[in-house]
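Topology and contacts: notes
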Amino acid sequence: MDPAGVAELFCDLWLRAGASAGDSADSATVRAVRALAPDVALPEGLTRGELLRTVAVRSAQVEGDAWSVVVAAHFRSAAPGAEGDGDSGSDVRYFAVPVTSSAVEGAGRFTVTGVPAQVAGPGRAKVAATPFGTLLPGQGALAVSLGEFFDAYLVGVGEVGRYLAPEAELSPVRGSGYRSVAVGEVRADSEVADGAVPADGTEVQVRAAVTAVDGGGGQWPLEYELSMRSRSGRWEVSGMHAGATAPARSVTAGGAAK
């Protein structure tokens, strides 16, 4: 059983116990730490700054029931201009937490077996070359169709169904609070979308940058990858797979790709 959540909770409690000057051995925070790690030493007098959150970013099963979970701890700097870790000035530190996990009925059994070890953060993964090499005109037929679609999908202007291919299903986003949307850069994986609408049934994959504006004037930069298909002189959405790289040909009522 993956102990990522337990390691995340432990690291949060462990750091808070070390930052609380008034904490005694009987404090609620220390007791919570001891419930997960009976024999682990606690830090003292930490001055890193306010701990905002902890997040488990990687877990690996070392051997048998032994796991190592890397947890990111996000701090607010203790003072303006305080120096951060490394060259990036980051206020995030990473800790490897050793945990023993036993899969039993219920919530399972977990014990943190040692103090966390501060480790380097994850590096940047190599990103594959984008397939969307064709920049489409902002007032072209496909970009205009996307603008109408996102007005319906994100803002609720009109019915989403009128902008979908016959077999596609997609429910609009409810309660977004967006008052308007604007389609920015649109890129396609084929030059067939650059110009007049081609023959019926022509398909193209696109990536669209969208800026949604909420009721308070806040601007939300969003990005979508969609499958588009031509029909009756216009482009229709035949699939949406935001954040994915594999083509999606249709979408469910909940918005997930089939």
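Residues numbered from 1 in each chain as written. Predicted model: local features only at pLDDT ≥ 70, side-chain atom pairs only at ≥ 80, totals over all residues. Heavy atoms only, no water.

1. Some points on the nonpolar core
We apply this condition: Residue types Ala, Val, Leu, Ile, Met, Phe, Trp, Tyr and Cys, when buried and joined through side-chain atoms within 4.5 Å, form a set referred to as a nonpolar core. For each residue, the accessible area found with a 1.4 Å probe, counting protein chains only, is set against the maximum for its type, and the residue is called buried under 20%, exposed over 50%, and partly exposed in between. Runs of E in the DSSP output that reach at least two residues are strands. Runs of H or I that reach at least four are helices, and both are numbered from the N terminus. The criterion used for residue contact is that any of the two residues' heavy atoms lie within 4.5 Å.
Core analysis: the biggest nonpolar cluster contains 30 residues, and Leu 142, Phe 149, Phe 150 and Leu 226 have the highest contact counts within it. Listing elements by their share of this core, those giving two or more residues are helix H3 (141-155), strand S7 (178-188), strand S8 (203-214), strand S9 (219-231) and strand S10 (234-240). A total of 8 residues in this core trace back to one element, the largest contributor, which is H3. Other than its neighbours up to four places away in sequence, Phe 150 contacts Val 155, Val 181, Val 183, Ala 208, Val 210, Tyr 224 and Leu 226. If you look at the next biggest cluster of nonpolar residues, it comprises 22 residues, including Val 6, Cys 11, Leu 13 and Leu 36.

2. Some remarks on the environment of Gly 140
Note that Gly 140 resides in the loop between strand S6 (134-135) and H3. With relative accessibility at 15%, the residue Gly 140 sits in the buried group. Sequence separation of Gly 140 and Ala 196 is 56 residues, and the distance between their C-alpha atoms is 7.9 Å.

3. Let's talk about the pairing of strand S3 (residues 92-102)
Note the cut-off: Strands are treated as partners if at least two bridges between them are detected by DSSP.
The pairing of strand S2 (residues 66-77) with S3 spans 9 bridges and is antiparallel. Bridging from a neighbouring strand, Trp 67 pairs with Val 99 of S3. Of the pairings in the sheet, the one linking S3 to strand S5 (residues 117-119) comprises 3 bridges and is antiparallel in character. Looking at S5, one finds that Phe 95 is bridged to Gln 118. Bridge analysis of S3 against strand S4 (residues 109-112) gives 4 bridges, and the strand direction is antiparallel. Along S4, the bridge assignment pairs Ser 102 with Arg 109.

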